[in-house]
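# Structure assessment
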Amino acid sequence: MKRLIAMGVALCLSGIALAQGPGDDLRRFRFGVKIGVPNIVGGNAEYVLPFLGNRIAPYVDYSVFSLEVDEVDTSTNFFEIGSNVYFNTQGTGLYASLSYGKFNLEGTYTDAETIDGELFEGEATGEVDISTFNLKLGAKLGRKFYFRAEVGYGFGVIPQEVIIRGTVNGEPQEGVEEIPDVPGIGDNGLLVANIGVGYSF
């Protein structure tokens, strides 16, 4: 994870170093907010590199969100790093996107059972990590203030069960529960779709 973040930062810094001169009026830095799945609500940062006619734009998305799903207190953490490839030379309009995403899901259960059918004492917890390779199509409209929409799919192995850990009579025990029904998550991947707004400079 740290290596991926470092690579993204290095790409942005190299683009800054090679950026065009004062006559370049392209707004290369973009910061915004995205709403959708699986990110729920999160931040987005993008930088348009001066390569291939300003078509390559590395980006990072990150979000943390808590909600209740099927009576399970659930917290999600979503991280995505990749690059948009714009179809024109102004870093706006239609684009394709390639990225790596990591979706973490943690659940707190109050009525879960062990493998032997005993109720856990108090709360029990479970955690699932999902890694995907994402392909998306999107559109960015506007220059200074912009609107963005994306849709695609994340390909990866999606576990269908989560190991629950808690205690019974003071002793650590395990149970198995089905993963809560999170919208957009299937057996072989997950839907990636969002809309967003932001500011460019």
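Structure shown above.
So, here's what we can say about the structure. If you're wondering where the values come from, they're calculated on a predicted model, not measured in any experiment.

### Focus on the packing of aromatic side chains
Across all of its chains, the model carries 7 aromatic pairs by this definition. When the ring of phenylalanine 29 is compared with that of phenylalanine 201, the centres are 5.3 Å apart and the planes differ by 15 degrees; the resulting orientation is stacked. Here the residue phenylalanine 29 occupies a position in strand S1 (residues 29-37), and phenylalanine 201 occupies one in the segment after strand S10 (189-200), the gap between them amounting to 172 residues. Classification of phenylalanine 201 by relative accessible area gives partly exposed; the value is 46%. Taking the centre distance of 5.0 Å and the plane angle of 55 degrees together, the rings of tyrosine 86 and tyrosine 95 count as tilted. Exposure remark for tyrosine 86: the relative accessible area of 1% places this residue in the buried category. Judged by its relative accessible area of 0%, tyrosine 95 falls in the buried class. One aromatic cluster in this structure is built from Phe29, Phe31, Tyr47, Phe145, Tyr199 and Phe201.

### Remarks on the environment of tyrosine 59
Relative to the helices and strands, tyrosine 59 resides in strand S3 (residues 56-69). Expressed as a C-alpha distance, the spacing of tyrosine 59 and serine 97, which sit 38 residues apart in the sequence, is 9.8 Å. Ignoring anything within four residues of it in the chain, the contact list for tyrosine 59 reads Asn44, Ala45, Glu46, Glu80, Ile81, Gly82, Ser83, Asn84, Ser97, Ser99 and Lys136. Among the polar contacts listed, one links the side chain of tyrosine 59 to the side chain of lysine 136, at a separation of 3.2 Å.

### Side note on the side chain of serine 83
Relative to the assigned elements, serine 83 resides in strand S4 (residues 72-86). For serine 83, a relative accessible area of 18% translates into the label buried. Look past the residues within four positions of serine 83 in its chain and what remains in contact with it is Ile56, Ala57, Pro58, Tyr59, Ala96, Ser97 and Leu98.

### Examining unusual backbone geometry
Along the chain, valine 37 connects to proline 38 via a cis peptide bond; the corresponding omega equals 0 degrees. Here proline 38 lies in the loop between S1 and strand S2 (40-47). Look at leucine 52: it is not a glycine, yet its phi comes out positive at around 50 degrees. Its location among the elements puts leucine 52 in the loop between S2 and S3. Judged by relative accessible area, which is 64%, leucine 52 ranks as exposed. Positioned with a positive phi, asparagine 54 is a non-glycine residue whose angle comes to about 60 degrees. With respect to the secondary-structure elements, asparagine 54 resides in the loop between S2 and S3.

Scoring rules and cut-offs
Residues numbered from 1 in each chain as written. Predicted model: local features only at pLDDT ≥ 70, side-chain atom pairs only at ≥ 80, totals over all residues. Heavy atoms only, no water. Phe/Tyr/Trp six-rings, centres within 6.5 Å; stacked < 30°, edge-to-face > 60°. Helix = DSSP H or I, 4+ residues; strand = E, 2+ residues; numbered from the N terminus. Buried < 20%, exposed > 50% of the residue type's maximum accessible area, 1.4 Å probe, protein only. Contact = heavy atoms within 4.5 Å. Polar contact = N/O pair within 3.5 Å; in protein donor to acceptor, adjacent residues only side chain to side chain.

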